[in-house]
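Listed below are the residues making up each chain.
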Amino acid sequence: MSRDLTSLLADPPRERADAARNRRRVQEAAAKLFREHGVEAVSMDAVAAEAGVGKGTLFRRFGDKSGLVAALLDDKERDLQERILSGPPPLGPGASAGDRVRAFVAAYADYLVEYLDLLRVSETASPGARYRIGAYRFWHRHLAILLAEARPGADADYLAHALLAPLAAEHVTAVLRECDAARVTAGLATLADALVSEPAGG
């Protein structure tokens, strides 16, 4: 299983020391401005000014705001992926498939709520963007492997997509207008539990 998932991890790009310094300055500036003003309200020009770099440098490196957001999310995604691959159970190896599904949904829900604005920009940058992101393929493959074990004979690939659907940032943003984060998280846990619990009479 770990080998299947590791193949979906992209190696961080190699970069010169000065390029790495500029990247860190831009990401720190963007994180600060996004935190203070919200992602939607911050322009790329404002990020360039805060970081002390030229606009051309910023656009060449990140392309647009969604590219900058993806770079900010990269470290957060890698941390969660490493915990899945080699962290302690139940999120990491060593627990039952059902318990690992439940743990993933709980961990991802926490990650989603904390970085909701960034994830929303990343996932809605263009039609279908969410499903082209490398991290989505990782989450889907992880769940598909676990669901195939927890529910033998079920269509695990489809069920993985179905379980990830309510974890979309756009969906959660809309739902949070009516439900608080604790209620959303509890509902997601109920969905995961229903999916991996043994069917009645099984």
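Residues numbered from 1 in each chain as written. Predicted model: local features only at pLDDT ≥ 70, side-chain atom pairs only at ≥ 80, totals over all residues. Heavy atoms only, no water.

Q: I keep staring at the environment of Asp 99 and nothing clicks. Help me out?
A: Checked against the element boundaries, Asp 99 lands in helix α6 (residues 97-114). Under the relative-accessibility criterion, Asp 99 is labelled partly exposed at 37%. The spatial distance from the C-alpha of Asp 99 to the C-alpha of Ala 150 is 9.3 Å, given a sequence separation of 51 residues. A polar contact is formed between the side chain of Asp 99 and the side chain of Arg 102, at a distance of 2.9 Å. (Helix = DSSP H or I, 4+ residues; strand = E, 2+ residues; numbered from the N terminus. Buried < 20%, exposed > 50% of the residue type's maximum accessible area, 1.4 Å probe, protein only. Polar contact = N/O pair within 3.5 Å; in protein donor to acceptor, adjacent residues only side chain to side chain.)

Q: Just checking my understanding: could you explain the nonpolar core for this structure?
A: The nonpolar side chains of a soluble globular protein tend to be buried with one another. Counting 61 residues, the largest nonpolar core has Phe 34, Phe 104, Tyr 108, Trp 139 and Leu 147 as its most contacted members. The biggest single contributor to this core is α6, with 10 residues. Apart from the residues within four sequence positions on either side, Tyr 108 is in contact with Leu 80, Leu 119, Glu 123, Trp 139 and Leu 167. (Core = buried A, V, L, I, M, F, W, Y, C linked by side-chain atoms within 4.5 Å. Contact = heavy atoms within 4.5 Å.)

Q: How should unusual backbone geometry be read in this particular structure?
A: A negative phi holds for most residues other than glycine; trans holds for most peptide bonds. Following Pro 89, the chain continues into Pro 90 via a peptide bond in cis, with omega recorded as 10 degrees. Along the chain, the position of Pro 90 falls in the loop between α5 (65-86) and α6.

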